[in-house]
Amino acid sequence: MARFAKQLGTAGELLFDSTMMRLGERTIPCSEHEPFDRILWLPDALVRVQIKTRHAISDGQYVFNIKKGYQRGPTGTKPYDPADFDLLALVILPENAIKFTADWRNTHRVALSEIARLRASPGASLRLALSDLGLSGTFATPAAI
């Protein structure tokens, strides 16, 4: 799987972009050297989003280890600094679902039991995460809220 890490990461970013478009949100892609992948352009703020993608389930949950870098890269992986990004988009690729969070932790878990809710209302966890940051999304598409 590590051999396809870049492709899987790109697929996760594209699912994020598609979801944001369907929610009526505007995003800006960022350079690979930034500690965040997208900027979410809200009417009252610019939010730095780090997108993490998982493709394999373990014991009924998807586990996201929030680190930067590549295991096989020259410097390996390192933890993020809390100032590196504002929001996490946890992409569960085989389920076509995303959980958003502003909760700062080194590890996040998404249970298989959460997937149906994330799919049914893709903007719900985004709204909660933005609320945790003191912000709100525009959600131009009412059916997606």
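Please refer to the structure higher up on the page.
A brief report on the enclosed structure follows. Here the structure is a predicted model, which means the values were calculated and not measured.

1. Description of helix H1 (residues 5–23)
Move 1: Look at H1: 27 Å from first C-alpha to last across 19 residues, which is about the 27 Å you get at 1.5 Å a residue.
Move 2: Those residues of H1 not exposed but buried are Leu 8, Gly 12, Leu 15, Phe 16, Asp 17, Thr 19, Met 20 and Leu 23.
Move 3: Buried residues along H1 sit in contact with strand S1 (26–29), strand S2 (38–42), strand S3 (45–54), strand S7 (87–92), strand S8 (97–101) and helix H3 (124–132).
Move 4: Residue Gly 24 follows H1 closely and has a positive phi angle near 85°.

2. What about a nonpolar patch on the surface?
Move 1: A cluster of nonpolar side chains, Ile 28, Trp 41 and Leu 46, forms an exposed patch at the surface whose accessible area comes to about 290 Å².
Move 2: Relative to the elements of secondary structure, Ile 28 occurs in strand S1.

3. Topic: unusual backbone geometry
Move 1: Positive phi is not limited to glycine here, since Asp 59 has a value of about 55°.
Move 2: With a relative accessible area of 77%, Asp 59 lands in the exposed category.
Move 3: One non-glycine residue, Asn 96, lies in the positive phi region at around 50°.
Move 4: Note on placement: Asn 96 falls in the loop between S7 and S8.

4. Side note on the packing of aromatic side chains
Move 1: This model, assessed by the stated rule, comprises three aromatic pairs.
Move 2: Each ring, one from Tyr 80 and one from Phe 85, has its centre 5.1 Å from the other, and the planes form 85°; the classification is edge-to-face.
Move 3: Put simply, the rings of Tyr 80, Phe 85 and Trp 104 pair up and form one aromatic cluster.
Move 4: For Arg 26, the ring lying beneath its charged end belongs to Trp 41, and the centroid distance is 4.3 Å.

Analysis parameters
- Residues numbered from 1 in each chain as written.
- Predicted model: local features only at pLDDT ≥ 70, side-chain atom pairs only at ≥ 80, totals over all residues.
- Heavy atoms only, no water.
- Helix = DSSP H or I, 4+ residues; strand = E, 2+ residues; numbered from the N terminus.
- Expected span 1.5 Å × (residues − 1).
- Buried < 20%, exposed > 50% of the residue type's maximum accessible area, 1.4 Å probe, protein only.
- Contact = heavy atoms within 4.5 Å.
- Patch = residues over 30% accessible without salt bridge, like charges linked within 9 Å, V, L, I, M, F, W, Y side chains within 5 Å.
- Areas by Shrake-Rupley, 256 points an atom, 1.4 Å probe, with all protein chains shown as cover.
- Salt bridge = Lys/Arg side-chain N within 4 Å of Asp/Glu carboxyl O.
- Phe/Tyr/Trp six-rings, centres within 6.5 Å; stacked < 30°, edge-to-face > 60°.
- Lys NZ or Arg CZ within 6 Å of the ring centre and 35° of its normal.

The values reported here are purely geometric and, on their own, carry no functional implication.
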